Structure formats: structure tokens, C-alpha cells
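# Residue-level structural notes
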Amino acid sequence: MNASETLPTQFNVATYFVDRNLEEGRASAPAFFYEDRTLTYGDVRDLANRTGNALLELGVEMEDRVLMLCLDAPEFLGTFWGAIRIGAVPIPVNTLMRGADYLYFLNDSRARVAVVSAPLLAEAGPMLPQATHLRHVLVAGGPPGAYLSWEDRVAKASATLAPASTSRDDAAFWLYSSGSTGFPKGAVHLHHDMVVSTETYAKQVLGLRATDRVYSAAKLFFAYGLGNAGYFPMGVGAQSVLYPHRPTPEGVFEVISRHRPTIFFGVPTLYAAMLAAKEPETRYDLSSLRVCVSAGEALPAEIYKRWRDRFGVEIVDGIGTTEILHIFLSNRPGSARPGSSGLPVPGYAACIVDDAGLPVPRGEIGNLRVKGDSTMAFYWNKHEKTKETLFGSWIQTGDKYYQDEDGYFWYCGRSDDMLKVGGIWVSPVEVEATLVGHPAVLEAAVVGKEDTDSLVKPKAFVVLKEPASAAPGLADELKAFVKDKIAPYKYPRWIEFVAELPKTATGKIQRFKLRD
Ligand code: 3UK
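### Here we look at the overall build of the protein
Regarding its fold elements, the protein presents 17 helices and 27 strands. Relative to the globule expectation of 24 Å for 516 residues, the C-alpha radius of gyration of the protein, 23 Å, shows essentially globular dimensions. Counting only C-alpha atoms and orienting by the principal axes, one finds that the protein spans roughly 70 × 55 × 55 Å. For the protein, with 516 residues in total, the buried portion stands at 57%. Long-range pairs, those at least 24 residues apart, make up 66% of the contacts in the protein with a sequence separation of at least 6.

Here's what the structure looks like:
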């Protein structure tokens, strides 16, 4: 699908996802369930317009960035759509990160305004005064402290707001993506991108329609969750369940039983943890589900089979990236090939190339390249990374794949050292650098190791400064040390003490030698 053939040149994507629902008569139809509240499509429109006006009153102009450190809550919806409506550029960021990460996002994006959910102020608060371009902070859902109250500002602002005259190719929002080395990269997405993902994957693979009710365990700040629970349902007038808490297996089972969604979106690690829960089928009712979706990392065939046998519903695995916005290779409900990533989503093309960019023979492993009109325009301020990633209409994902004789795509690992842990990026380099900050550690190397569910978790090989006098319990101390210093989900689940690390002649750690 090419947006230039279907969308007008002047196009504000907030009208497509917000206003169209009202034009189609859904003003009082439920759109979001949040805690004990129901937000109708009319409520969402008002929330977006009021937030947009509140941002305008703070001096936010077209193209200004607005950083969003938001839980899955009304402030996310209001800020995301309100900012887009005025032609500003919202940047939802991962709420599981640390203060230093937030300072980087603020300064790299030069955000003028930040909207922060109150519970996240404890981590981000100390960094806010150091952000060079930040003028105002709005705090939602709790005491604003030294900052402005999002609720106050939004309540006082007008609910009438004409959309800014953006073009379909203006920047609409950014999403940050981590790499193995260097700082995260801001993927710049345009006004037409969300339309493309909705018209292709959501409608043509999932068959999403107004009678669906979705629940995504992956939060809205991930590209995956943003589509699943944010703009996909709005694209068809469906309903979405927002859950601002940590998606533990029990919590997720409870949400599904209580809200009875028709589609559930998870990641393989969560499906494995839900399968390990104690007799969930006797305590929870999953009968509302017509399909489950998995992405973020490859879904092992074993988990697919166990889930289907246990709950009688299929998990449809598909691969997406932050840069392509959503899923571009996917299995189809009813005809999955377990363990594979399926076939290209209608509207996308995929090919496998060697390191020179030439197609490899069918069945051989190579680099995955994808063509589709939801792909980012570029990485903000990262020209070299952009050139290494985009090739005209094609983007190289960094994944190794092969295609079988029937055309199905099979994931074979990354071409860099990056790990996907519970569907979230972990850079071995960052974990190693953190471990080396501990006084007992001389050197460290981090690689992915499969757990009992065939899902990858970080494992650290550590060389100690004084191995002979290592304290008992040092491995646990090192795990706690990493959890305390960087985002906790990155900590090594196993630590093995070794006398030395395998290295190249130039002293570079050979992680591949540690992988088995
Ligand atoms: C890996 C997969 C095998 C792969 C995402 C759905 O995960 C998403 O985006 P990210 O930018 O990560 C992208 C990378 O994750 N990956 C994702 N899904 C699969 N590997 N099988 C899969 N099914 O390495 C890819 O390059 O965090 C997922 C929708 C939108 C997304 N952004």
C-alpha cells in the first residue's frame, strides 16, 4: 500500500483516527476501558482537543517535540492525539528505563514540553531540570510537585480545536529504538504511517472490526502496543482495554476474564509464564478470545502448541520493528506454520540478501529487507545509521532469515549482538559496561542463552580482579548491582566466573564463542 495513492496531500492523522469515529456515529460508543472508567469516542475527541489546546497555551508550535513518559492511561491518549492534532510531534518513551535514559531522550529530541505520569516522577524527576530545551512539565494522575498539573490544564482548556494543516508526509511522532552500541535512535514516523499499518496488518491479517475488543499486554509506548491497543482499535471503531499496571501472568489472566477481549496481544515470554501458572483454566475464562498475537521475539513452536492445546485458541506470530512501525511478516489465523514468522503482510514485500545486498538463493540464510509505506523517514540526527539502514524503499531490519520452499520466513537470529528479552531490547555492551563498574569485576561479556522455554535471556561471563578472594554470593550481588544501575529487565539471569574471555588479536571480545 502506498499512502500517496490513497491519502490527500494535506492530511492530519488525528482526523483519521479520532474525528472519523464521530462522523461515523460513534460519539457515545465505548473506545477505552481504563480502571473503572469507560472513555467513549466522544471523550477521546474532547481529551485530545483539550490537551492540544493546553499544549498550544504553553507555547508548543508545529514540529515541536513533546516527550511522553506516560502509563497506559488517559494522559497518553490525550497527549498523543492532542500533540499530533496541533502538528507537534509526541515521543512516547519506555517507562521501564532510568533517569539517565530520560535525560538523553529529552536532550536528543529537544522536547519543549514533557508529560509525565505521576508514578514515574520518582525516576525522571531529578533529571528534568537538567534538560536543556525543556520549558514545561505536565504531571498527570497524581500530585504535580513543582510542575504543572496535566488535569488542571486540560480541564481549563477548550474542547474545540481545528487540526493543524499538516501534510501526509509531515513528522507525526517518534519512537526510540536501542542499538548494540551508542545511544538509542529516534525513528521519525510520518502522518501516513499509522494508516498503512492499520489498513494492512490490522484489517487484512487480523480482520479487525468494530465489534472487536482488544487487550495488549505490551504497553502503548512500544510500537507494538501503540498499534495493538492505541490506533488499531481507533482505526475501526473497536474497543481497547488499558491496564496501567505491570502485566504479570495473574494480572493478565484477570484482565482477560473481566473484560472479555476478542484479541489478546502478548510476547513469547509472557505466554510461557502464563502457561506456567497454576491451573489457570480452572480459575479464569478465556473463552472470549478469537485470536492471540505474539511479536517482539520469535515464538517457539512448542509454546504455540501448548497454548492451543490448553486454551483452544491460536497464537499468531508476526515480526514487526519500531522502524517499520508494526508487523510486516505474519502467520495467518487458521493457517499458521508454528515456529516461522509466516508470509509478508499484504502491502509489504520482503527479500533476503547477502552482505553485498544481492538476493540469496531460496533456502539460504541472509539479511532481511522489507519494503512498506509505514517505514520511518529516517533516524533523527543519525545520518550514518540512517544510511546503514534504509536503501531507497527498502529497510534492512538487522535480522537473519531464510525463506522455505513455500515462501514462509524463518527467523535465524540477529546480525548484531542485540538481545530481545521479553520482547524488549537489551544491549550486551551496556550490561558489560555496567558490570565492569563493580569493584570486583575486571572484565565481562554478555550473550544470549536460551532458558527452558527456548527463550533468550542475558548470561554474563565475568573475569574477577581477585578470583581467589571472591565473596560467596558475589553472583547475586552482581545481578542486584546491574538491576540497580540500569533498567532492571536487563540484568544477567546467569553469571559464570571465568579466568579469561575469548578475544580477537585486536582485543575485541568474541561473544559468538561464548554463545553455546
Ligand atoms: C525482533 C522478532 C522474531 C527482531 C515490534 C511488533 O518488536 C518490535 O519492535 P522492536 O523495534 O524490535 C524489532 C526486532 O525484534 N522481533 C520482533 N518480532 C519478532 N523476531 N520473530 C518475531 N515475531 O529482531 C526485530 O528486528 O522492539 C513488534 C510490532 C511492532 C514492533 N515494533
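### A few points about the sheet that holds strand S9 (residues 185–190)
Sheet strands pair by backbone hydrogen bonding; their relative direction is either parallel or antiparallel. On the basis of which strands lie adjacent, the open sheet formed by three strands has the order S8-S9-S19 and antiparallel pairing. The two strands at the open ends of the sheet, each matched to only one other strand, are strand S8 (171–177) and strand S19 (378–379). With two bridges joining them, S9 and S19 adopt antiparallel strand pairing. Directly across from Val188, in S19, lies its bridge partner Phe378.

### Describing the site of the ligand
In the vicinity of the ligand, 22 residues are found, and the nearest of them are Asp317, Gly318, Thr322, Asp399 and Lys420. Within the contact set of the ligand, a nitrogen atom lies 2.9 Å away from a backbone nitrogen or oxygen of Gly296. Between a nitrogen atom of the ligand and a main-chain N or O atom of Ala298, the distance comes to 3.3 Å. Computed on the free molecule, the ligand has an accessible area of 610 Å², of which 96% lies beneath the protein chains in the complex. Elements with a minimum of two residues in the shell around the ligand: helix H9 (223–236), strand S14 (315–320), strand S21 (394–403) and strand S22 (409–414). For the shell around the ligand, the leading source of residues is S14, giving four residues. Taken together, the residues of the shell around the ligand sort by class into ten nonpolar, seven polar and five charged.

### Thoughts on the domain arrangement of the protein
According to the domain assignment, the protein contains domain 1 (3–25 + 39–190), domain 2 (194–367 + 400–414) and domain 3 (418–515). Using C-alpha coordinates to define each centre, domain 1 is positioned 36 Å away from domain 3. Taken together, the nine residues of domain 1 in the interface contact 13 residues of domain 3. Buried surface at the junction of domain 1 and domain 3, summed over both partners, amounts to about 760 Å²; 54% is from carbon and sulfur atoms. If you sort the residues of domain 1 by the area they bury against domain 3, Leu96, Arg98 and Ser180 come out on top, with a joint share of 56%. Joining domain 1 to domain 3, the criterion identifies zero salt bridges. Broken down by class, the residue content of the side of domain 1 that touches domain 3 amounts to two nonpolar, six polar and one charged.

How each quantity is defined
Residues numbered from 1 in each chain as written. Predicted model: local features only at pLDDT ≥ 70, side-chain atom pairs only at ≥ 80, totals over all residues. Heavy atoms only, no water. Helix = DSSP H or I, 4+ residues; strand = E, 2+ residues; numbered from the N terminus. Rg over C-alpha atoms; globule rule 2.2 N^0.38 Å. Buried < 20%, exposed > 50% of the residue type's maximum accessible area, 1.4 Å probe, protein only. Contact = heavy atoms within 4.5 Å. Pairing = 2+ DSSP bridges. Near = heavy atom within 4 Å. Polar contact = N/O pair within 3.5 Å; in protein donor to acceptor, adjacent residues only side chain to side chain. Areas by Shrake-Rupley, 256 points an atom, 1.4 Å probe, with all protein chains shown as cover. Nonpolar A, V, L, I, M, F, W, Y, C, P; charged D, E, K, R; others polar. Domains from an automatic or database assignment. Buried area = accessible area lost by both parts, 1.4 Å probe. Salt bridge = Lys/Arg side-chain N within 4 Å of Asp/Glu carboxyl O.

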